[in-house]
Amino acid sequence: MTTVGHILMGTAIGVLCLPERKSSRWKAAYFFVFALLANIPDLPFPNWGHDRYNISHSLLVNLLLSLAVVFLLSWRRDVRGQLSGKILVGGVAAWLSHLLLDSLYGNRVGVAIFWPFSDAYLSLPISWFHVVNPRATAALFQEFAVEFACYFPLVLLAAGLRRIGRVQVVAQKPG
């Protein structure tokens, strides 16, 4: 999968967890972090990402790393007041969404989601998703368009669900 799909999924999850009444600057940083979280398994660190696909795309490894980040963030007083449990759970969900989305691509063997306990790979291919060369080619831009068409509606759905939730809360307040 390209970063387009991961960014849009991270953004959709971020929309669902977005707190009310924050500044535009805070929201921009917030959405940047959610987009980044959804791409962590592919980041080009040594012995990570596509260099060590079995490690970087393991559910156990990513769950442990994400929970360590949650623990460190909730331990810091200056951050604790800014992040609710809903945001932290959403951040973990955005991070782990990467593994599910990568399993949807049929051109690969799948995702080593059960590593180190099993060498089995999870593959749930959807025929219109393709792994393409990351160089700027027509196929890459076509894959960007396919991913945008498939995942941007999730961002709109998340925004709609938030709006419906706000309307219901306002309607329930005593007048």
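The rules behind these values
- Residues numbered from 1 in each chain as written.
- Predicted model: local features only at pLDDT ≥ 70, side-chain atom pairs only at ≥ 80, totals over all residues.
- Heavy atoms only, no water.
- Helix = DSSP H or I, 4+ residues; strand = E, 2+ residues; numbered from the N terminus.
- Buried < 20%, exposed > 50% of the residue type's maximum accessible area, 1.4 Å probe, protein only.
- Contact = heavy atoms within 4.5 Å.
- Areas by Shrake-Rupley, 256 points an atom, 1.4 Å probe, with all protein chains shown as cover.
- Salt bridge = Lys/Arg side-chain N within 4 Å of Asp/Glu carboxyl O.
- Axes fitted to C-alpha atoms, helices over the stretch in contact; angles between N-to-C directions.
- Parallel < 35°, antiparallel > 145°, perpendicular 65-115°, else oblique.
- Left-handed = near helix turned anticlockwise from the far one by under 90°.
- Nonpolar A, V, L, I, M, F, W, Y, C, P; charged D, E, K, R; others polar.
- Polar contact = N/O pair within 3.5 Å; in protein donor to acceptor, adjacent residues only side chain to side chain.
- Core = buried A, V, L, I, M, F, W, Y, C linked by side-chain atoms within 4.5 Å.

(A) Quick look at the overall build of the chain. Across its full length, the chain carries seven helices and zero strands. Along the chain, from the amino end to the carboxyl end, the secondary structure elements read α-α-α-α-α-α-α. Evaluated residue by residue, the chain yields a buried proportion of 38% over its 175 residues. The contacts in the chain between residues at least 6 apart in sequence include a share of 60% that link residues at least 24 apart. Within the structure as shown, the chain displays about 10,500 Å² of accessible surface, and the carbon and sulfur contribution to it stands at 69%.

(B) Up close: the environment of V155. Looking at the secondary structure, you find V155 in helix α7 (residues 138–172). Separated by 146 residues in sequence, V155 and M9 place their C-alpha atoms 7.3 Å apart. When neighbours within four sequence positions are excluded, V155 is seen to be in contact with L8, T11, A12 and V15.

(C) Quick peek at the pattern of salt bridges. In total, this model carries one salt bridge according to the counting rule given. For E20, the salt bridge is made with R162, and the minimal N-O distance between the two is 2.9 Å. Pair noted here: E20 is in the loop between α1 (3–17) and α2 (24–37) and R162 is in helix α7, with a separation of 142 residues, a long-range link. On the basis of relative accessibility, which here comes to 13%, the residue R162 falls in the buried class.

(D) Molecular detail of the packing of α1 against helix α6 (residues 85–103). It is the contact of α1 with α6, at a shortest axis distance of 9 Å, that shows an interaxial angle of 155 degrees. As the angle between them shows, α1 and α6 are arranged roughly antiparallel. As α1 packs across α6, the resulting crossing turns out to be right-handed. Across the interface between the two elements, G5, H6, M9, G10, I13, L16 and C17 from α1 touch K86, I87, G90, A93, A94, S97, H98, L101 and D102 from α6. Per-class residue counts for the contact of α1 with α6 are eight nonpolar, six polar and two charged.

(E) Spatial organisation of the side chain of T2. By the element assignment, T2 lies in the segment before α1. The buried category is assigned to T2, whose relative accessible area is 11%. A polar contact is formed between the side chain of T2 and the side chain of E147, at a distance of 2.4 Å. In this view, T2 contacts L140, E143, F144 and E147; residues no more than four positions away in its chain are not counted.

(F) Structural context of the nonpolar core. Ranked by internal contacts, the top residues of the largest apolar core, which has 27 residues, are I13, Y30, F34, L101, L104 and Y151. Of all the elements in the fold, those that place two or more residues in this core are α1, α2, α6 and α7. With seven residues, α1 is the largest single contributor of residues to this core. If sequence neighbours within four positions are ignored, Y30 has contacts with G14, C17, L18, P19 and I87. Listed in part, the eight residues of the second largest apolar core include V92, L96, L99 and V111.

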